[in-house]
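# Understanding the architecture of this molecule
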Amino acid sequence: MLFYKKILKKKDSFFKYALSIVFLTIGFGLSAQEPQLLKDIYPGTGFSNPYGYIVHNNKVYFGADDGENGWELWVSDGDETGTYMVKNINPSGFSSPTFLGVFDGRLYFNADDGTHGQELWVTDGTEGGTYMVKDINTTGVEDYYPAENPIVYNDKLYFSANDGVHGFELWVTDGTEDGTQMVKDINSGAADSNPVGFIHYNDKLYFGAGNDIHGRELWVTDGTEDGTHMIKDINSGLGDSAPSYFVKYDGKLFFRADDGFHGVELWATDGTEESTNMIKDINPGASGSLLRELRNFNNKIYFYAFDENEEVDIWTSDGTEENTQPLGVDNLNNSPQNFTQFNDKLFFVANGGGSPGGALWISDGTTEGTYAFIQEVSYPKSFVVDGNGQMMYFISNNENIWVTDGTIEGTTVIIPEGQDLPHIDPSIQTHSLTVFNNKIYYTACYFLDHGCEPYFIDSSLSLTEIETETVQYWPNPFTNELHIKANNPIEQINIYSLRGQNVKGFQLFSLSQTLNLSDLPVGIYFIEITTTTGKTVKKVVKK
């Protein structure tokens, strides 16, 4: 875990940039505010450095340092008074909570109480309901073997952990101390099997694990010791097939693996040894196609791979060798990454096709429909779709936040460079965007007044469109002029930016109006029309 307590020597004017926890409201309302401090957790210019946001029971939990208790478990309901430390788990230092997930109505996490080292903890959101589940590793305070890779299966929480005797192995908990046990010592003795990549398929858990006999191979469990076994020794002997990127499709489990002869290629299994096979040798020879980013999209498996000429392309497969083919996208000259499905399209980051480094690309599953989507954005990351599934947010390489509705015209930066507002500072690592209660959370720092603290923006981003009056708009998207016609006389027209700012207003009394909006920058706007009998709010796009 990275914490960012460090001295940043910059010009005073640059201190106005910020890395903030920002709440981007996605709901009805046209009023908006500039970024506001949610709570000065570390008073003054200290860095509380909130991290690890996870949503549970209509609240968001995170770790933060208030300057007195170190990094401890915090919670917020979105209000200053509702933002507080849940429990000082380690009175003599930092408990440094890291979150595993929600199970059986409670939040599980790792924490160090100063006595037992990093262990499995649980909280119901109250101080009394926050406690250690079990001292898994009893070797003492110096041990640092937190639980990892959690997944809920058959009403229990499975994870990997190290008890100090058996190494990292497969564990399970029902939430009680007695019900927290190792499932199986896959790699006998003190060595690790390191089970990872858990996926629920055919009423069992599949994962990758290793031992000193077969190397790292495909394993399965039904939750019992006897029911935990290797599916197939894909890379015979001590070689590692290293299965990963599991995805379910058409009744089978697909993944990438290396059999020791063909390199990393596409494989599939139905859970039996005899039906665990390579789908296609995309790049003949031991080097393999090095495929990654497997996704179930558009009724096929999508991924990227290198062919026999070492050229990278987006590939698709229906699970047969003959229908595992490249899309034929020209000039992809690096490894595409961050595959994200949104609005019936597949978005990813890649170089090539005349785009600058790390542009945002889009694909509808066809060659013609795969292209550099937005070239102005460099190496976007932290993609997240809002709770309504209407907008996708992401962070650019220069740490600006962008939003898109899936169209080029509907893609814009929310807070552009040069604005006197809190920004994400590129010198500080940015945490992933998180959706909670129709708001988008993210982390950064605002050095001038409060250091790294939680801020929020009450924005009208992704306003819910309302219509109590029939109004026609055309064209949409528009270039310079927008035509409006209503059934009843129009009294007022207001145009709002994505941040909720009123950028234009018109007073009139007419059934129709042509608005000259040539001075507005390209982007997404909301137009509010008030007539003598009602009101309407619509999203419009200037291209």
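Residues numbered from 1 in each chain as written. Predicted model: local features only at pLDDT ≥ 70, side-chain atom pairs only at ≥ 80, totals over all residues. Heavy atoms only, no water.

## Side note on the overall build of the protein
Using the following cut-off: A run of H or I in DSSP counts as a helix once it spans at least four residues, and a run of E counts as a strand once it spans at least two, with each numbered from the N terminus. Type-normalised accessible area, obtained with a 1.4 Å probe on protein chains alone, sets the label of each residue: buried when under 20%, exposed when over 50%, and partly exposed for intermediate values. Contact criterion: two residues are considered in contact whenever any of their non-hydrogen atoms come within 4.5 Å of each other. Using the Shrake-Rupley algorithm and a 1.4 Å probe, accessible areas are obtained, with residue cover drawn only from the displayed protein chains.
Secondary structure summary: the protein contains zero helices and 42 strands in total. The 543 residues of the protein split such that 54% are buried. Contacts spanning at least 24 positions in sequence make up 50% of the contacts within the protein whose residues lie at least 6 apart. Here the protein displays about 22,700 Å² of accessible surface, and carbon together with sulfur accounts for 45% of that area.

## Let's talk about the packing of aromatic side chains
Centre-to-centre distance and the angle between the planes together describe a pair of aromatic rings. To be explicit about the condition: Two rings from Phe, Tyr or Trp (for Trp, the six-membered ring) form a pair when their centres are within 6.5 Å of each other. A pair whose planes differ by under 30 degrees is stacked, one over 60 is edge-to-face, and the rest are tilted.
In the structure shown here, the tally under the stated rule is 18 aromatic pairs. Pairing F297 with Y302 gives two aromatic rings, centres 5.1 Å apart and planes at 70°, and the pair type is edge-to-face. Each member of the pair, F297 as well as Y302, is classed as buried. Between the aromatic rings of F383 and F394, the centroid separation amounts to 5.4 Å while the plane-to-plane angle is 35°, which identifies the pairing as tilted. Linking F383 in strand β30 (residues 381-385) with F394 in strand β31 (residues 392-395), this pair joins segments that are 11 residues apart in sequence. In this structure, F383 and F394 share a single accessibility class: buried.

## Some points on the sheet that holds strand β33 (residues 411-413)
Backbone-to-backbone hydrogen bonds join strands into a sheet, with any given pair of strands oriented parallel or antiparallel. Keep this limit in mind: Strand pairing requires that DSSP identify at least two bridges connecting the strands. Note on definitions: angles span 0 to 180 degrees between N-to-C directions of axes, and those axes are lines fitted to C-alpha atoms, for helices only across the stretch in contact.
Strand order in this open sheet of four strands is β30-β31-β32-β33, and the pairing throughout is antiparallel. If you trace the sheet from one side to the other, it starts and ends with β30 and β33, each paired once. In this sheet, neighbouring strand axes are inclined to one another by 20° on average, regardless of whether the strands run parallel or antiparallel.

## A few points about the sheet that holds strand β5 (residues 83-87)
Across the sheet, four strands lie side by side as β2-β3-β4-β5; this open sheet has antiparallel pairing. The open sheet has two edge strands, β2 (51-56) and β5, and neither has a second partner. Averaged over all pairs of adjacent strands, the angle between their axes in this sheet comes to 35°, without regard to strand direction. As paired elements, β2 and strand β3 (residues 59-65) share four bridges and run antiparallel to each other. Of the residues in β3, the one forming a bridge with H56 is K59.

## Structural notes on the nonpolar core
Rule in force here: In these notes, a set of buried Ala, Val, Leu, Ile, Met, Phe, Trp, Tyr and Cys residues joined through side-chain atoms within 4.5 Å is what counts as a nonpolar core.
Core analysis: the biggest nonpolar cluster contains 17 residues, and I484, I493, I527 and I529 have the highest contact counts within it. Listing elements by their share of this core, those giving two or more residues are β38 (471-474), β39 (481-496), β40 (502-516) and β41 (523-531). Looking at this core, the element that brings in the most residues is β39, giving six residues. With sequence-adjacent residues up to four places away left out, I493 is seen in contact with I484, K504, G505, F506, L508, L515, I527, E528 and I529. Grouped together as the second largest cluster of nonpolar side chains are 16 residues, Y302, Y304, A350 and A359 included.

## Things to note about a negative patch on the surface
Rules: Without a salt bridge and with relative accessible area above 30%, a residue can belong to a patch; like charges are then joined within 9 Å and nonpolar side chains (Val, Leu, Ile, Met, Phe, Trp, Tyr) within 5 Å. Between Lys or Arg on one side and Asp or Glu on the other, a salt bridge is scored when a side-chain nitrogen of the former is within 4 Å of a carboxyl oxygen of the latter. Charged residues are defined here as Lys and Arg on the positive side and Asp and Glu on the negative side; His and the ends of the chain fall outside this count. Every charge is mapped to an atom, namely NZ of Lys, CZ of Arg, CG of Asp or CD of Glu.
Among the surface-exposed residues, D104, D155, D174, E177 and D178 lie close enough to one another that they form a single negatively charged patch. Considering the arrangement of structural elements, one finds E177 in the loop between β12 (168-173) and β13 (181-184).

## Concerning the pattern of salt bridges
Side-chain pairs of opposite charge can arise where the charged atoms are in close proximity. Counted according to the given criterion, the structure contains four salt bridges. R295 serves as the salt-bridge partner of E293, at 3.0 Å between the closest nitrogen and oxygen. Here E528 ties to K535 by a salt bridge, and the two come within 3.4 Å at their closest N and O atoms. The partly exposed category is assigned to K535, whose relative accessible area is 31%.

## Some points on the pairing of β31
The two faces of β31 match: M392 and F394 on one face and Y393 and I395 on the other face are all buried. With three bridges connecting them, β30 and β31 associate as antiparallel partners. Considered in β31, the bridge of V384 is made with Y393. The antiparallel pairing of β30 with β31 creates a hairpin that spans six residues between the two strands, and G389 there sits at a positive phi of about 70°. Across four bridges, the pairing between β31 and strand β32 (residues 401-404) is antiparallel. Bridging across to β32, I395 finds its partner in I401.

## Notes on unusual backbone geometry
Geometrically, the link from W474 to P475 is a cis peptide bond, its omega value of -15° lying close to zero. Looking at the element boundaries, P475 is found in the loop between β38 and β39. Between N476 and the following residue, P477, the backbone shows a cis peptide bond with an omega angle of 15°. With phi around 50°, N194 is a residue other than glycine that occupies positive phi space. Along the chain, N194 falls in the loop between β13 and β14 (196-201). Looking at N194, the relative accessible area reads 34%, which means it is partly exposed.

## Overview of the pairing of strand β10 (residues 148-153)
Of the strand pairs in this sheet, β10 and strand β11 (residues 156-162) are connected by four bridges, and their pairing is antiparallel. Counterpart to E148 in the pairing with β11 is S160.

## Points about the confidence of the model for the protein
Caution is warranted with low-pLDDT regions, since their predicted coordinates should not be read in detail. So the rule is basically this: Each residue carries a pLDDT score, the predictor's own confidence in it, on a scale running from 0 to 100.
Across the protein, the average pLDDT comes to 84, with 83% of residues at or above 70. With pLDDT under 50 throughout, residues 1-33 is counted as low confidence; its partners more than four residues away or in other chains account for 136 contacts. For residues 459-466, every residue scores under 50 in pLDDT, and the model assigns this stretch 42 contacts once sequence neighbours within four places are set aside.

## Things to note about the side chain of K504
For clarity, the cut-off: Residues adjacent in sequence count toward polar contacts only when both atoms are side-chain atoms; beyond that, a polar contact is any pair of N or O atoms within 3.5 Å, and within protein one must be able to donate a hydrogen and the other to accept it.
Looking at the secondary structure, you find K504 in strand β40. One polar contact links K504 to D519, side chain to side chain, over a distance of 3.0 Å. Residues within four places of K504 in sequence aside, it is in contact with I493, N494, I495, N516, L517, D519 and L520.

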